[in-house]
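Residues per chain, in single letters:
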Amino acid sequence: MTPPRTPEDDETPLYRESWADRVVREATERGEFSNLPGEGKPISGLDKRDDDWWVKGMLERERISMPLPPSLQLRKDVAELPEQLADVRREDDAREIIEALNDRIRDSHRRRLDGPVIHVGLVDVEQSLARWREARRTRP
């Protein structure tokens, strides 16, 4: 007894459509690739001599900032701490965020980080919490 025939049996042995090819073909037939931004235009950046043009373009489109060396990132995190705490509702959560930052600073003092050597001092937890409380009182 022979097994029942399937649509794949009718395909030529020279080409068998892969799952990915079938999905793309069906989506094209449904018009899902029609009217996309940039349709029919050359891909921008291909003519540039910069090998990382596509990475830089993606970072710009997605609004992703370039990663900083760890020592500079710590300094930036300390400077942005009030902004980070602005939406925190509970004091325990604010304290936890500040102490986690201090743990990262202590860890950076113990081991050599990549990038420039920049000393970042510990954040005064009680002083930061006092500023956080004041900001919460004055917020509309």
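Here the structure is a predicted model, which means the values were calculated and not measured.

Here we come to the nonpolar core. Ranked by size, the top nonpolar core spans 13 residues in total, and within it Leu-85 and Ile-98 carry the most contacts. Going through the elements one at a time, α4 (81-85), α5 (91-110) and α6 (125-138) are the ones with two or more residues in this core. Per element, the largest residue contribution to this core is 4 residues, and it comes from α5. Every residue in contact with Leu-85, bar those within four places of it in the chain, is listed here: Ala-94, Ile-97, Ile-98 and Trp-132.

Glancing now at a nonpolar patch on the surface. A contiguous nonpolar surface patch, about 260 Å² in accessible area, is contributed by Val-24, Phe-33 and Leu-36. You can see Phe-33 is positioned in the loop between α1 (19-30) and α2 (53-61). Residue classification places Phe-33 among the partly exposed positions, given a relative accessible area of 40%.

This next bit is on unusual backbone geometry. Here Asn-35, not a glycine, exhibits a phi torsion of approximately 60°, which is positive. On the accessibility criterion, Asn-35 (71% relative accessible area) is exposed. In this structure, Arg-63 is a non-glycine residue whose phi angle is positive, near 55°. Here Arg-63 is to be found in the loop between α2 and α3 (70-79).

Further remarks concern the pattern of salt bridges. Scanning the model with the defined rule gives 14 salt bridges in all. The salt bridge involving Arg-25 is made with Glu-29; its shortest N-O contact spans 3.1 Å. You can see Arg-25 and its partner Glu-29 sitting in helix α1, 4 residues apart, about one turn around the helix. When its relative accessible area of 57% is taken as the criterion, Glu-29 is described as exposed. Between Arg-137 and Glu-134 there is a salt bridge, with its nearest N and O atoms 2.9 Å apart. Remark: Glu-134 and Arg-137 occur in helix α6; sequence separation between them is 3 residues, near one turn of the helix. Taken together, the shared-partner salt bridges in this structure form one network comprising Glu-91, Arg-95, Glu-126 and Arg-133.

Before going further, it helps to spend a moment on the side chain of Asp-77. Secondary-structure assignment places Asp-77 in helix α3. Other than its neighbours up to four places away in sequence, Asp-77 contacts Leu-101 and Arg-104.

Turning to the side chain of Ser-128, a few remarks are in order. Following the sequence through the fold, Ser-128 ends up in helix α6. A residue is classified by how much of its surface remains accessible, and Ser-128, at 6% relative accessible area, is buried. Excluding anything up to four places from it in sequence, Ser-128 contacts Leu-81, Ile-98 and Val-123.

This brings us to α3. Of the positions making up α3, those classed as buried are Ser-71, Leu-74 and Asp-77. Projected down its long axis, α3 carries its buried residues within an arc of 120°, all on one side. Along its buried surface, α3 packs onto α4 and α5.

Reading guide: rules and limits
Residues numbered from 1 in each chain as written. Predicted model: local features only at pLDDT ≥ 70, side-chain atom pairs only at ≥ 80, totals over all residues. Heavy atoms only, no water. Core = buried A, V, L, I, M, F, W, Y, C linked by side-chain atoms within 4.5 Å. Buried < 20%, exposed > 50% of the residue type's maximum accessible area, 1.4 Å probe, protein only. Helix = DSSP H or I, 4+ residues; strand = E, 2+ residues; numbered from the N terminus. Contact = heavy atoms within 4.5 Å. Patch = residues over 30% accessible without salt bridge, like charges linked within 9 Å, V, L, I, M, F, W, Y side chains within 5 Å. Areas by Shrake-Rupley, 256 points an atom, 1.4 Å probe, with all protein chains shown as cover. Salt bridge = Lys/Arg side-chain N within 4 Å of Asp/Glu carboxyl O. Arc of directions from axis to C-beta.

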